[in-house]
Every structure is written in C-alpha cells, then in structure tokens.
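Examination of the molecular architecture
Listed below are the residues making up each chain.
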2 protein chains.
Amino acid sequence: MSLATDAADQPTLYKRIRADIEKRILTGEWPPGHRIPFEHELVARYGCSRMTVNKALSELAQADLIERRRRAGSFVRRPQHQSAVLTIADIRAEITALGRSYGYELIGRKLRAATAADRDRLGVKKAGKVVAIACRHSADKVPFAVEDRLIDLSSVPDAATADFSREPPGSWLLHHVPWTEAEHTISAIVADDRTAEALDIAVGAPCLVIDRYTWRSARTITAVRLLYPGDSHRLVARFKGG
Amino acid sequence: MSLATDAADQPTLYKRIRADIEKRILTGEWPPGHRIPFEHELVARYGCSRMTVNKALSELAQADLIERRRRAGSFVRRPQHQSAVLTIADIRAEITALGRSYGYELIGRKLRAATAADRDRLGVKKAGKVVAIACRHSADKVPFAVEDRLIDLSSVPDAATADFSREPPGSWLLHHVPWTEAEHTISAIVADDRTAEALDIAVGAPCLVIDRYTWRSARTITAVRLLYPGDSHRLVARFKGG
DNA sequence: TTGACTTATATGTCTAGACATATAATCGTA
DNA sequence: TACGATTATATGTCTAGACATATAAGTCAA
C-alpha cells in the first residue's frame, strides 16, 4: 500500500509538497507535536509562492494530520482518537462485488398507520403512514442478511407504491432519496427462532446487528435493522493515525 | 442563497459559498447529477475572484460532495456507497467520556519468542520476540471489555519493559508509537466459558468483537482482539450521503 | 455514418503581491 | 513577582491576473 509515491512523478508542486510532509509524518520522522517548517521556509525550499505551500498545508490540516496555529506555526497532530472509515455498501453491490450471485426475497410488506412502536423507532412524534418491510438477501443461494425496515411515508410518499418484490428497499431508496444522513449502531445478539430460520443458522448462534437510522434535513426517512450471521460476515474498517 | 443579505457575522466568504452550496445539495434542492454554477458564474454572483470560489469548490470536491470535470463543470455526486466514519476511542477515554469510573486489570503478560500462531496473527514471516497481554477494562466496576493483544517487539522494543500492570497497553502504545495505520474487522461471537467469566455474562451470550491490526510504514506493530458484551455495548457511526 | 482533426471552454495550478487577525513574546509597570 | 500593554510574526483570506490541460462540441473528410 504505497502511501507516498516518488516525488518526481507527482503531477503538481503542491501535491508533491503535501506528499513529502505526509510521508515524514506517517513514517514517524516528524512525530506528534513536531513543528513543521514555516510557510516561508517551505517557500524558500521549494522555490514557489506562499499560496502553493498554503494549499498543501491546508489540505493536511483538513485531513487532521496537522494543526495550524497562528503566530506559532504548524504542528503534527497527536491522534487522540481512532477514526476509522467504515464502508457499509448497499448489500446487492457488496455481494456482486465479491463475485457472488445476489439473491433477494421479500418476506413481508405492510402499509399501516404508524403505531407507537413505529413512531418510537423512527424518532418522530406523530407520523401518518409507514411501510414495514421484511426481506432477505442471499449470496450464492446462501442467506447473507435479513432486513427489517420501516419507511416514513410522509417523507417518502413514493415508497407506498414502489414494488419491493423485486428491488430491495435499500437500493430503491438509494436511487429515490438523494443525500441523506445516517447513524449506524453496531451490536451483537444471538439468533432467536425466527432469525435462525431466516438466516439458516442455529438458534443461539451469534449475529452481527447494524441498526441504521436515516434522515434528510431533519426529516426521518427510514430505520432499518440488518442481521448478519456473526461468524461469517465481517465489517472491515481502515484508518490512518492513532 | 442570500447574496443581498450580507451576513457580517459570517466567518469568511469562501466558507459562506461552500456552506451555501452544501446546503442546497444536502436538502436535495440540487440532486445528484445536477450541474452547479460555473466558477465564473459564482464569481459574478458573489462578486469575488475566481480563487475564492475555487477554494470553496475544491473543498466540496475533497469531501466527495461534488465531482469536478474539466470543460464540463462541477456536478453533485451520486453517493454510491455509504461511507461511515466510525470512531473507536481509546477505551479509557471512552469510559471516562461517559462519566463513568475507569477500571483496569492486567490478567496476564508473557514475553516469548513468536510462535507460528503469533506470526500468523501478526502477519509477519519471521519475528523475534513478542509480548502477549490479556487484560480487562471496566466501567463503574462492571466489566466493559476484555482485551487480548500481541505486540511485535522488533517494531516496539520498549514494550518489553513497559509496565502494563497499571497502564493499558492501548494507551501506552498510543503515546509511544506515533501515526500508525490500522485495519478493523468487526464480527460477533457467543461467549465461551473463559469469555463469559471475564465479562461476567452468561455462557452463550452475544459478544461484539473488534479485531484491530496495526502497522506503521509496512512494519507490524500490534494485533488486538477486543470483546464487548454484545447487548450492552454499541458502536456508533455517522455518515453523510448515501 | 464514422473517424480524425480543430476549437472553445471550464477547471487546475500558480504567482506576487495585499491586508486581516490571532497570539507568542517582549517590555514596562505596579 | 505578577500583570497589563505593546509588538512581532505566522497563518487566514483574498485579488487580478497568467498559462496549462483535459475534454465537450463542432467541423470536415472518407
């Protein structure tokens, strides 16, 4: 995993400056707290204008690799928390990306006025109607995950008439509701009877749970719970620093 | 976007431009695929130089909110994957941040020549010595997580003499090994006898597992497995887009 | 219709300045 | 010694230009 390519093939100057500094930080040559050269020193070293080094340093600051302090200089940040970037793909995309055949099966779909439990789950005080969907995703005919979803129809009216018997609701929403925000909660449970049957695992086997709550500009869109067989599925997250 | 209502309290112009555009994207006013105004149009609208709008647009591109194409313009990106930022804090920091009292207990520490299993776990072909550590973290006297760690002494020689009876190895490493990279794998298991006893839960209860593999510039540092009671602990990840 | 060539244009990068602003360091005073 | 005022300075933002470059779109010939 080449973290910094050779300086010579870097296309532009500011990218080369950024890569040079990033390399020194990541290899530990410049440890946390180290003051990196002043802008005017880098200007002299690279023979360019201040705007060019400023752009390089600004990007490093945006990436939280350095901290810039007026009058004091720029310092390598001490990574106090481990911020991992976790990619939770659309399940269909995830499975096909693995080169396996994707299978989808709608277990149940109900359109109803929101119950108290529904409102609680969606985090709204009063809601009109909701769609509740249960479905199963499989890879190479083997159960991959079961999904239990609630969609707020006051935010996504089209979901009332959408055909979820062939298209998974996650994919449908991805194409019909642009730019949502979401919060994920990851936990573990053991399979109860229904879950065990749906995932074709033993009762009492471990399951990885992802609860996702999605909204757009303060409007609730959907709440979904995904259950994966805990011993087969893996969520991988990578991060830099810390 | 109110260009007439000149907000004197707005921090800076380029940040205002960025915020204006970001808002339109996030509210869905400008959906994915929408071409946002050309730089020269924004220059006219805001009455500033091109470098200023360029800085705003560059930051939006860096945040993956827009895509910039030469000659064609800048377009709102379609969020194809759900990239969540998952913060996995140092456990001590995590517990104290919750306002609970942190407790730490070293269960075992062994310095040994790396076995085949150790080498496999660390992903190295030949290693000299390693330290194996087992410890337990608790919050308000209640078991919070158990940790099973391997440190490669050829990368971190100081770990051989570090006193892990009082300081958790995670915290120690955080202060002694700067700027690592890591990969996390999240899964679920059910507690076996030893785990159940260490976490004070029932045998067969669900556990959330985080395996973290850490390196710095191609050198393996440590491999650690953290076990959390699955029904109590939650990993929260937030993301924008998708 | 298709492919090759040309042109127009939006973004990418860069310059050599400018003034603003926060703040570390210094100095002066009580 | 402690504290308040002053000064120096590194970063933050911005300008009005410049040339480079990728590429969408148009042009023309086979």
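Reading guide: rules and limits
Here the residue index of a chain counts from 1 through its sequence in written order. Lettering of chains starts at A and numbering of ligands starts at 1, both following the order in which they are written. It should be noted that, the model being predicted, local features are given only for residues of pLDDT at least 70 and side-chain atom pairs only at 80 or more, the latter also being counted only at that level, while totals for whole chains, interfaces and linings use all residues. To get the side-chain values, take all heavy atoms of the structure and skip hydrogens and water. Salt bridges are defined as contacts in which a side-chain nitrogen from Lys or Arg sits within 4 Å of a carboxyl oxygen from Asp or Glu. Runs of E in the DSSP output that reach at least two residues are strands. Runs of H or I that reach at least four are helices, and both are numbered from the N terminus. For the exposure calls, accessible area comes from a 1.4 Å probe over protein chains only, and a residue counts as buried if that area is under 20% of its type's maximum, exposed if over 50%, partly exposed in between. Helix axes use the C-alpha atoms of the stretch in contact, all axes being lines fitted to C-alpha atoms, and the angles between their N-to-C directions lie in the range 0 to 180 degrees. Roughly parallel covers angles under 35 degrees, roughly antiparallel covers those over 145, roughly perpendicular covers 65 to 115, and oblique covers all other angles. In this scheme, a crossing is called left-handed if the near helix is turned counterclockwise away from the far one by less than a right angle; it is called right-handed if the turn is clockwise. Note on definitions: a residue-residue contact is assigned when non-hydrogen atoms from the two residues lie within 4.5 Å. Basically, the charged four are Asp, Glu, Lys and Arg, the nonpolar ten are Ala, Val, Leu, Ile, Met, Phe, Trp, Tyr, Cys and Pro, and anything else, Gly included, counts as polar. UniProt positions are given in the numbering used here, feature names are shortened, and annotations may be inferred rather than shown by experiment. Each pair of strands is called paired provided DSSP finds at least two bridges between the two strands. Here the expected span of a helix is defined as 1.5 Å times the quantity of residues minus one. Paired rings are identified among Phe, Tyr and Trp, the last through its six-membered ring, by centres lying within 6.5 Å, and are further divided according to the angle between planes into stacked (under 30 degrees), edge-to-face (over 60) and tilted (the rest). Lysine and arginine charges are scored as sitting over a ring when NZ or CZ, respectively, is within 6 Å of the ring centre and within 35 degrees of the ring normal. Using a 1.4 Å probe, buried area is obtained as the accessible area two parts lose upon being combined, added over both of them. By the criterion applied in these results, polar contacts are pairs of N or O atoms within 3.5 Å in which, for protein atoms, one can donate a hydrogen and the other can accept it, and in which residues neighboring in sequence qualify only through two side-chain atoms. Least-squares fitting of one copy onto the other uses the C-alpha atoms of those residues that reach a pLDDT of at least 70 in both copies.

Turning our eyes to something else, we now look at the pattern of salt bridges. Residue and element names in this part refer to chain A. Taken as a whole and assessed by the stated rule, the structure comprises 24 salt bridges over all chains. For the salt bridge of Glu105 with Arg136, the shortest nitrogen-to-oxygen distance reads 2.9 Å. Placement of Glu105 in strand β5 (residues 102-113) and of Arg136 in strand β6 (residues 129-139) is noted, with a sequence separation of 31 residues between them. A salt bridge links Arg149 to Glu147, with the nearest nitrogen and oxygen atoms 2.7 Å apart. You'll find Arg149 and Glu147 in the same group, each marked buried. A single network of salt bridges, built from pairs that share partners, joins Glu39, Arg50 and Arg68.

Let us look at the packing of helix α1 (residues 13-26) of chain B against helix α3 (residues 50-62) of chain B. For any two helices packed against each other, the geometry comes down to the angle between their axes and how far apart the axes lie. Residues and elements named next belong to chain B. Closest axis-to-axis distance for the α1/α3 pair is 8 Å, and the angle between their directions is 45 degrees. As summarised for this structure, α1 and α3 are arranged oblique, according to the angle between their axes. Both α1 and α3 take part in a crossing whose hand is right-handed. Contacts from Leu13, Tyr14, Ile17, Arg18, Ile21 and Glu22 in α1 reach Thr52, Val53, Lys55, Ala56, Leu57, Glu59 and Leu60 in α3. Broken down by class, the residue content of the contact of α1 with α3 amounts to eight nonpolar, one polar and four charged.

Those places that UniProt annotates as "domain: HTH gntR-type" (unreviewed entry) correspond, in this numbering, to residues 11-79 of chain A. The straight-line gap between the two end C-alpha atoms of residues 11-79 of chain A is 29 Å; of that span, 51% is helix and 14% is strand.

So, on to the sheet that holds strand β3 (residues 73-76) of chain A. Pairing between the strands of a sheet is mediated by backbone hydrogen bonds and can be parallel or antiparallel. Residues and elements named next belong to chain A. Sheet architecture is open: three strands sit in the order β1-β3-β2, paired in antiparallel fashion. Strands with a single pairing partner mark the edges of an open sheet, and in this sheet they are β1 (35-36) and β2 (66-69). Alignment of β1 against β3, held across two bridges, turns out to be antiparallel. Looking across to β3, one finds that Arg35 is bridged to Phe75.

We now examine α1(B). All names here are of chain B. Spanning 14 residues, α1 covers 20 Å between terminal C-alpha atoms, matching the ideal 20 Å at 1.5 Å per step. Within α1, the full set of buried residues consists of Tyr14, Arg16, Ile17, Asp20, Ile21, Glu22, Arg24, Ile25 and Leu26. Directly beyond the C-terminal end of α1, a positive phi value near 90 degrees is found at Gly28.

Turning our attention to the packing of aromatic side chains. Counted by the stated rule, this structure contains six aromatic pairs over all chains. Centroid distance A:Phe164 to A:Trp172: 5.6 Å. Interplanar angle 85 degrees. Geometry classified as edge-to-face. A:Phe164 gets classed as buried once you look at its relative accessible area, which sits at 1%. Residue classification places A:Trp172 among the buried positions, given a relative accessible area of 6%. For A:Arg35, the ring lying beneath its charged end belongs to A:Phe38, and the centroid distance is 3.8 Å. B:Lys55 extends its terminal NZ or CZ atom over the ring of B:Tyr14, reaching a point 4.8 Å from the ring centre.

Attention now moves to the interface of chain B and chain A. Between chain B and chain A, the residue contacts involve 60 residues of the former and 61 residues of the latter. When chain B packs against chain A, close to 5300 Å² is buried across both sides, 57% of that on carbon and sulfur atoms. For the chain B face of the interface with chain A, the top three residues by lost area are B:Gln82, B:Trp179 and B:Glu181, together amounting to 16%. At the junction of chain B and chain A, the tally comes to zero salt bridges. Taken together, the connections running from chain B to chain A amount to eight residue pairs in polar contact (both at pLDDT 80 or more). If you list the elements that add at least two residues to the side of chain B that touches chain A, you get α1, α3, β4 (82-88), β8 (181-190), β9 (206-216) and β11 (235-240) of chain B. Sorting elements by how many residues they give to the side of chain B that touches chain A places β8(B) first, with ten residues. Strand direction decides the pairing type here: strand β4 (residues 82-88) of chain A and β4(B), joined by seven bridges, are antiparallel. Within the sheet, the bridge partner assigned to A:Thr87 lies in β4(B) and is B:Ser83.

With that settled, the discussion passes to the pairing of β2(A). Residue and element names in this part refer to chain A. As judged from the four bridges shared by β2 and β3, these two strands associate in the antiparallel manner. Bridge assignment links Arg69 to a residue of β3, and that residue is Gly73. With antiparallel pairing between neighbouring strands as the criterion, β2 and β3 make up a hairpin whose turn holds three residues, including Arg71 at a positive phi of roughly 70 degrees.

Expressed as a screw operation, the relation of chain B to chain A combines 0.0 Å of axial shift with a rotation of 180 degrees, fitting to an RMSD of 0.1 Å. Seen this way, the second copy is the image of the first under a two-fold rotation axis. Judged by C-alpha distance, B:Val85 is the residue of chain B that lies nearest the rotation axis, at 2.2 Å. The share of interface residues of chain B whose copies in chain A are also at the interface is 98%, consistent with both copies meeting through the same surface.

Turning to the side chain of A:Glu147, a few remarks are in order. All names here are of chain A. By the secondary structure assignment, Glu147 is in strand β7 (residues 142-152). Judged by relative accessible area, Glu147 falls into the buried class, the value being 4%. A polar atom in the side chain of Glu147 sits 2.6 Å from the side chain of His137. Side chain to side chain, Glu147 and Arg149 meet in a polar contact 2.7 Å long. Excluding residues within four positions of it along the chain, Glu147 makes contact with Ile133, Ala134, Cys135, His137, Pro169, Gly170, Val224, Arg225 and Leu226.

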